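Read off the chains here:
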Amino acid sequence: MEDRKEKLVEEFGVYEEEVSPENEAYYKAYDKTLGLWQTVYHQVYVPTSYGEAHVVVSGPKDAEPLVLLHGMNASSTMWYPNAEALSKKYRIYAIDYLLEPGKSKVTGEVGSMEQVTDWYTQVVDGLKLERFTLVGASKGGWLAINYALVQRDRVDRLILLSPVQAFAWIKPGLEMVSNLSYAISPSKEDLNEMMSGMSVNADLIAEAYKNQYLLGTKNSEEDILIVKMRPFSDEKLETLDLPVLLLIGDDDAMNSSKTIKEAKKILPQVETETVKDAGHFLSVDQPELINQRILDFIEKHPVSTEAGED
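All of these numbers come straight from a predicted model, not from anything done at the bench.

Strand β6 (residues 132-137) sits mainly inside the fold: six of its six residues count as buried. By the alternation rule, side chains of β6 split into F132, L134 and G136 and T133, V135 and A137, which are all buried. Here β6 pairs with strand β7 (residues 155-161) via six bridges, running parallel. The residue of β7 that forms the bridge with V135 is I159. In this fold, β6 hands off to helix α5 (residues 139-150), which returns the chain to β7; that crossover is right-handed.

Shown next as structure tokens:
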């Protein structure tokens, strides 16, 4: 064990930590879902001034990095339909958000989005990532945009999968009521109803992941910073002069054609697509298509030598 820890510290500048008794059940459920990744992975912790960031890492050690930001309460295990395909050629770093279920642990006070951005910067610094492609799903899409606006010189490409509250307000509907009901009193029944509203085929969502999700949300507190997530101004979005890929589902409960319209109007270098037979959970509903769209987009927009040397 010590030898493995020393190798991780040498490779990542990070370390592993023993599991506390109160986290044991959730960590077992988390690790069971990680078994669905179908590729070799490492779980590492990065020390920060706000606590420890848990990151799941896969792919060739010297490959171009992709940083993955998951959706609300989803944790990094949500990338199980994507990890194998994306990590064949790229080095993926899936970061657990520090204020939601996952293995990241907050020890200090985090009361602003500026601090969240600083936390992500400390994480990628700890991973020794100078520049990278940033991939965000749902809430992670909003966080990805927010990070790119502040740390533009570190993000080479931005890939957004059904981002929420980024270009337009979330439209109210039954799905919002279902999400609220689940958040107030998490149960397996409400979880299934909520996920059915987010996916066109919730039966495709692995039971191991559902069980982990339920355990995590039962034992977590609501992220108070969610009220800070509001659509970005046109003036801010216009400064994102980098390649952006935006994908939403044709049955997306959190987005509509307005999302595509606004993004195309504002972003200087955006490619958009409405994915058929897909809800908000794009990576589950159409995993092969989403994986290929991401890979094609990256290939289409190679990183220049000058950018890599900055």
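From this point on, the discussion continues.
If you walk through the whole model with that rule in mind, you get 13 salt bridges. The residue E100 makes a salt bridge to K139 at a minimum N-O spacing of 2.6 Å. Of this pair, E100 sits in the loop between β4 (91-95) and β5 (105-106) while K139 sits in helix α5, and the two are 39 residues apart along the sequence. Overall, E100 belongs to the buried group, its relative accessible area being 6%. We classify K139 as buried; its relative accessible area is 2%. E262 is paired through a salt bridge with K265; the nearest N and O atoms lie 3.5 Å apart. In this pair, E262 and K265 both sit in helix α10 (residues 257-266), three residues apart, roughly one turn of the helix. Residue classification places E262 among the buried positions, given a relative accessible area of 15%. The class of K265 is exposed, set by a relative accessible area of 56%.

Calculation rules
- Residues numbered from 1 in each chain as written.
- Predicted model: local features only at pLDDT ≥ 70, side-chain atom pairs only at ≥ 80, totals over all residues.
- Heavy atoms only, no water.
- Buried < 20%, exposed > 50% of the residue type's maximum accessible area, 1.4 Å probe, protein only.
- Helix = DSSP H or I, 4+ residues; strand = E, 2+ residues; numbered from the N terminus.
- Pairing = 2+ DSSP bridges.
- Right-handed = clockwise from strand over helix to strand, strands pointing away.
- Salt bridge = Lys/Arg side-chain N within 4 Å of Asp/Glu carboxyl O.

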